[in-house]
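Residues per chain are reported as follows:
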Amino acid sequence: MFARPLIDSTEFALNGRTLNGEIAVKELPRLAELLARLDGSIRYTVRGMQTDGMLFLLMDLSGTCHLCCQRCLEDLTHSVDISSRLQLLEGEDLTQDDDSDEVDGIEASKELDVLGLVEEELLLSLPFAPRHDEGLCDLASKSFGKADDRFGMLAQLKNKF
Ligand SMILES: [Zn+2]
């Protein structure tokens with residue numbers, strides 16, 4: 001087990017620090033539960049920023065993971081490309097949530113779990129009911145099927161042309 005990166009979020013933002021890393025999706029248990037396959041990894045960059053007296057963490061996530069198509073239950077490759085801006089808030093500011101969707105707030109912490117934050121952002125970004133594009137479910141399931149099915153698909157394709 002490797003050490004999870006922890007940052008002092010306020011110090012990190014005040015000093016404009018940057019943290020880069022890559023995490024295998026299988027190391028993110030809440031995400032892994034939703035996946036069809038556990039290969040793939042996510043690259044992340046966290047940058048601290050101070051503007052107008054407010055502190056922010058900017059997160060960029062990219063990579064791929066494998067969701068389960070809700071129509072055919074086969075592997076669906078999902079590209080991750082997320083940029084988000086999180087405002088650091090102290091305890092009392094958190095309670096007066098003004099419901100603005102522009103910026104999400106997170107509680108400032110001396111030991112902020114960066115991977116926990118990465119996982120949270122990934123979970124929020126996943127489609128509620130992922131599906132292959134129209135017409136592509138058959139192809140996804142047949143390509144994992146038996147040889148017979150493949151011949152069946154070839155026949156279908158020939159009929160189309
Ligand atoms: Zn499908």
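Before reading further, recall that the structure is shown in the block above.
Residues numbered from 1 in each chain as written. Predicted model: local features only at pLDDT ≥ 70, side-chain atom pairs only at ≥ 80, totals over all residues. Heavy atoms only, no water.

Caption draft 1: Layout of the side chain of Glu119. By the secondary structure assignment, Glu119 is in helix 4 (residues 114-125). For Glu119, the contacting residues outside a window of four places in its chain are Leu28, Pro29, Arg30 and Leu31. (Helix = DSSP H or I, 4+ residues; strand = E, 2+ residues; numbered from the N terminus. Contact = heavy atoms within 4.5 Å.)

Caption draft 2: Structural detail: the coordination of the zinc ion. Summarising the metal site, the zinc ion is bound by the protein donors Cys69 (SG), Cys72 (SG), His132 (ND1) and Cys137 (SG), whose distances to it range over 1.9 to 2.3 Å. With four donor atoms in place around the zinc ion and angles of 102 to 120° between them, the coordination shape is tetrahedral. Coordination of the zinc ion draws on donor residues from a single chain, spaced C-x2-C-x59-H-x4-C in sequence. Of the two residues, Cys69 sits in the loop between strand 5 (54-68) and strand 6 (75-89) while Cys137 sits in helix 5 (residues 137-142), which places them 68 residues apart along the sequence. (Donors = N, O, S within 2.8 Å, 3.2 Å for Na, K, Ca; no water. Tetrahedral: all angles 85-135°; square planar, octahedral: opposite > 155°, others 65-115°.)

Caption draft 3: Representation of the packing of aromatic side chains within the structure. Scanning all chains against the criterion turns up zero aromatic pairs. Above the ring of Phe56, the side-chain terminus of Arg85 is found at 4.5 Å from the ring centroid. (Phe/Tyr/Trp six-rings, centres within 6.5 Å; stacked < 30°, edge-to-face > 60°. Lys NZ or Arg CZ within 6 Å of the ring centre and 35° of its normal.)

Caption draft 4: A look at the environment of Thr51. With respect to the helices, strands and loops of the structure, Thr51 is situated in strand 4 (residues 41-51). Overall, the relative accessible area of 27% leaves Thr51 in the partly exposed class. For the pair Thr51 and Leu14, spaced 37 residues apart in the sequence, the C-alpha separation amounts to 9.4 Å. (Buried < 20%, exposed > 50% of the residue type's maximum accessible area, 1.4 Å probe, protein only.)

Caption draft 5: View of the nonpolar core. Grouped together as the largest cluster of nonpolar side chains are 30 residues, with contacts concentrated most on Tyr44, Leu57, Leu61, Val118 and Leu122. Within the residue set of this core, elements represented by two or more residues are helix 1 (9-14), strand 4, strand 5, strand 6 and helix 4. Top contributing element to this core by residue count: strand 5, with six residues. Excluding its chain neighbours within four sequence positions, the residues that come into contact with Leu122 are Leu28, Leu31, Ile42, Leu61, Val80 and Ile82. (Core = buried A, V, L, I, M, F, W, Y, C linked by side-chain atoms within 4.5 Å.)

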